[in-house]
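# Descriptive analysis of the structure
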Amino acid sequence: MTGAQGSIPLCVPRDRAKQAAGAGARWDRVQRCFFWDTGIADIAENAPVLAFLPFRFRPDRRPPYVRPWMVPQSLWGWNLRAVLHREDWDRIRRDAYRRAGYRCRICGGIGPAHPVEADEGWAYDDTRFVQVLRGVIALCPDCHAVRHWGRSMATGKEQHVLRWLAWINGWTPAQARACADEAMALWHWRSGHTGWTCDIGWVEKVFGVQPVADAMVRAAATQQGLVALARQSRDGEMR
Ligand SMILES: [Zn+2]
């Protein structure tokens, strides 16, 4: 785990390195990352550093910094990887990595095999049943596994992810479990509605890209594949 109090990793895009150094951040050559060493109390007055802080350390944020946030089952196929041209999705996810300085926006950490992954920030309108894309951010594999709690359970990572959820938010194991159970109940409720639609207008507005012509077909095929996988893993557990 990275980011002990007193030495906080910062999400600094390469083109803002001078700004970070000028604001008093320390560049660590080995870890190839800027750190803030002089305590959280000093940060509130330091606007440039504040902008680079992972959410977990921001004085204006409160837990939960990350929590399970699962896509209703009927929309499983509507991930950007499935419905955009490959090169468009690559551009969008790499932009998220670059903007975060290849660090997790929530905890500032990185993964052992690859530093960060792209997470789609969905908002839910539970009255009109619309899933709206708000943005794409870089997360370390552990924080990302929290967001995709259902998949993490299906792939045997349940205990690890629960520990991470507790640690990140400063919770007891029971609090982490309660949060995960609540998220699962919400997911079941949302998945009980089949009339969900998905609004990815954000990618067009910000990146000027459109879904592929056969996006509906691809989303449906991806969704069916993921449902079959989930069923398999559930059957596997029962055996
Ligand atoms: Zn993280």
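Read on for an overview of the structure.

What counts, and where the lines are drawn
- Residues numbered from 1 in each chain as written.
- Predicted model: local features only at pLDDT ≥ 70, side-chain atom pairs only at ≥ 80, totals over all residues.
- Heavy atoms only, no water.
- Donors = N, O, S within 2.8 Å, 3.2 Å for Na, K, Ca; no water.
- Buried < 20%, exposed > 50% of the residue type's maximum accessible area, 1.4 Å probe, protein only.
- Salt bridge = Lys/Arg side-chain N within 4 Å of Asp/Glu carboxyl O.
- Helix = DSSP H or I, 4+ residues; strand = E, 2+ residues; numbered from the N terminus.

Let us now look at the coordination of the zinc ion. The coordination sphere of the zinc ion contains the protein donors C104 (SG), C107 (SG), C140 (SG) and C143 (SG), at a distance range of 2.3 to 2.4 Å. Taken in sequence order, the residues that donate to the zinc ion follow the motif C-x2-C-x32-C-x2-C. Its relative accessible area of 3% is what places C140 among the buried residues. Residue C143 is classed as buried on the basis of its relative accessible area of 0%.

Right, let's get into the pattern of salt bridges. Side-chain pairing between opposite charges can occur once the charged atoms of the two side chains come close. On inspection of all chains with the given rule, the structure shows 13 salt bridges. Across the salt bridge formed by R147 and D119, the nearest N and O atoms sit 2.8 Å from each other. Of this pair, R147 sits in helix α5 (residues 141–147) while D119 sits in strand β4 (residues 117–125); the two residues are 28 residues apart in sequence, bridging distant segments of the chain. When sorted by exposure, R147 lands in the same class as D119, which is buried. Where R190 meets D126, a salt bridge forms, and the shortest distance between an N and an O atom there is 2.9 Å. Of this pair, R190 sits in helix α8 (residues 173–191) while D126 sits in the loop between β4 and β5 (130–139), and the two are 64 residues apart along the sequence. Classification of R190 by relative accessible area gives buried; the value is 5%. Take D126: its relative accessible area is 28%, and that puts it in the partly exposed class. The structure contains a network of salt bridges with shared partners spanning D15, D95, R98 and R99.

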